[in-house]
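Observations on chain architecture
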Amino acid sequence: MERFILASRSPRRAELLTQIGVSFETRPADVDETPRVNEAACHYVERLAQEKALVVARHSPGAWVIGSDTSVVLDGHILGKPRDRADACETLKRLSGQVHQVMTGVALANGSDCHSRLVTTDVRFRRLADEEIAAYVDSGEPMDKAGSYGIQGLGGIFVEELRGSYSAVVGLPLQETAALLADAGFPVWKNWPRSLESLK
């Protein structure tokens, strides 16, 4: 029986991985998330996904480890988690009426072997009123999220248009994750339940 580990404490990633029928343990990865000097956002996100998967795989012999990282990028600049209320408000004002990119890297590691994919999704925000920005920040939802919003929560009402992978914006690109698992010999659909009707 193969053992799978999700190298994340994110409940959103856990829900997405469960959604496609993968049974797994959760073991958060402790890595330095500081961007390197002049590191492009796309390289940063994929590197972190790989490092998260590899650091957990090193201490989990034989296990297949899934690592992921998501960044919100505006005009080439990474918008991290807000430092405080004022920072969250300022970030949302910058995103208001603009198109930004959500970049998500996903990696699958076994021992020192690691393969990864990068997914970029364009997200357009409608124009936001100061009052709704304040109400959203007061809800507390943005405070632990890259870019100061969560598309799967209250912040979903800000999104006017999305081009790309919705699940990647939430935190784990399902198509790419399933492809990595299939390439490793574990197509997720083989573990899907069969209805009683299909067994007749």
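It should be emphasised that the depicted structure is a prediction, and the values quoted were computed from it without experimental measurement.

About the criteria used
Residues numbered from 1 in each chain as written. Predicted model: local features only at pLDDT ≥ 70, side-chain atom pairs only at ≥ 80, totals over all residues. Heavy atoms only, no water. Helix = DSSP H or I, 4+ residues; strand = E, 2+ residues; numbered from the N terminus. Rg over C-alpha atoms; globule rule 2.2 N^0.38 Å. Buried < 20%, exposed > 50% of the residue type's maximum accessible area, 1.4 Å probe, protein only. Contact = heavy atoms within 4.5 Å. Areas by Shrake-Rupley, 256 points an atom, 1.4 Å probe, with all protein chains shown as cover. Lys, Arg positive; Asp, Glu negative; His and termini not counted. Charge placed at Lys NZ, Arg CZ, Asp CG, Glu CD. Disulfide = S-S within 2.5 Å. Pairing = 2+ DSSP bridges. Core = buried A, V, L, I, M, F, W, Y, C linked by side-chain atoms within 4.5 Å. Salt bridge = Lys/Arg side-chain N within 4 Å of Asp/Glu carboxyl O.

1. Brief notes about the overall build of the protein
Counting its secondary structure elements, the protein contains six helices and seven strands. Counting from the amino terminus, helix and strand elements in the protein follow one another as β-α-β-α-β-β-α-β-β-α-β-α-α. The C-alpha atoms of the protein give a radius of gyration of 18 Å, which matches the 16 Å a tight globule of 200 residues would have. Looking at the protein residue by residue over its 200 residues, the buried ones come to 48%. Across the protein, the fraction of contacts at a sequence separation of at least 24, relative to all contacts at a separation of at least 6, is 66%. About 10600 Å² of surface is accessible on the protein, with carbon and sulfur atoms providing 50% of the total. Here the protein carries 23 positive and 27 negative side-chain charges, and the mean point of each set is 3 Å from the other.

2. Considering the state of the cysteines
If you walk through the whole model with that rule in mind, you get zero disulfides. The cysteine Cys 42 is free of any disulfide, with Cys 114 supplying the nearest cysteine sulfur at 17 Å. Taking relative accessible area as the criterion, Cys 114 reaches 21% and is therefore assigned partly exposed.

3. Some thoughts on the pairing of strand 6 (residues 113-125)
Pairing geometry for strand 5 (residues 99-110) and strand 6, over 12 bridges, is antiparallel. Across the sheet, the residue bridging to Val 99 is Arg 124, located in strand 6. Taking the residues that link successive antiparallel strands as the turn, the strand 5-strand 6 hairpin has two residues, and the phi of Gly 111 there is positive, at about 65°. The sheet contact formed by strand 6 and strand 7 (residues 159-163) spans four bridges and is antiparallel. Within the sheet, the bridge partner assigned to Asp 122 lies in strand 7 and is Arg 163.

4. Re the nonpolar core
Soluble globular proteins: nonpolar side chains tend toward being buried together. Among the nonpolar cores identified, the biggest contains 37 residues, and Ile 66, Phe 125, Tyr 149 and Leu 181 are the most heavily contacted of them. The contacts of Phe 125, once residues within four sequence positions are left out, are Leu 92, Leu 95, Ser 96, Gly 97, Gln 98, His 100, Tyr 149, Phe 158, Val 159 and Glu 160. Grouped together as the second largest cluster of nonpolar side chains are 20 residues, Leu 48, Leu 54, Ala 57 and Met 103 included.

5. What about the pattern of salt bridges?
This model, assessed by the stated rule, comprises 14 salt bridges. With a shortest N-O distance of 3.6 Å, Arg 36 and Glu 51 are connected by a salt bridge. On the criterion of sequence distance, the pair formed by Arg 36 in the loop between strand 2 (25-26) and helix 2 (41-58) and Glu 51 in helix 2 is long-range, its members being 15 residues apart. Accessibility expressed as a relative area gives 25% for Glu 51, which makes it partly exposed. Across the pair Lys 52 and Asp 69 runs a salt bridge whose closest N-O atoms are separated by 2.9 Å. In this pair, Lys 52 sits in helix 2 while Asp 69 sits in strand 3 (residues 64-74), placing the two residues 17 residues apart along the sequence. Connected through shared salt-bridge partners, Arg 36, Glu 39, Arg 47 and Glu 51 make up one network.

Nothing here speaks to function; it is geometry throughout.
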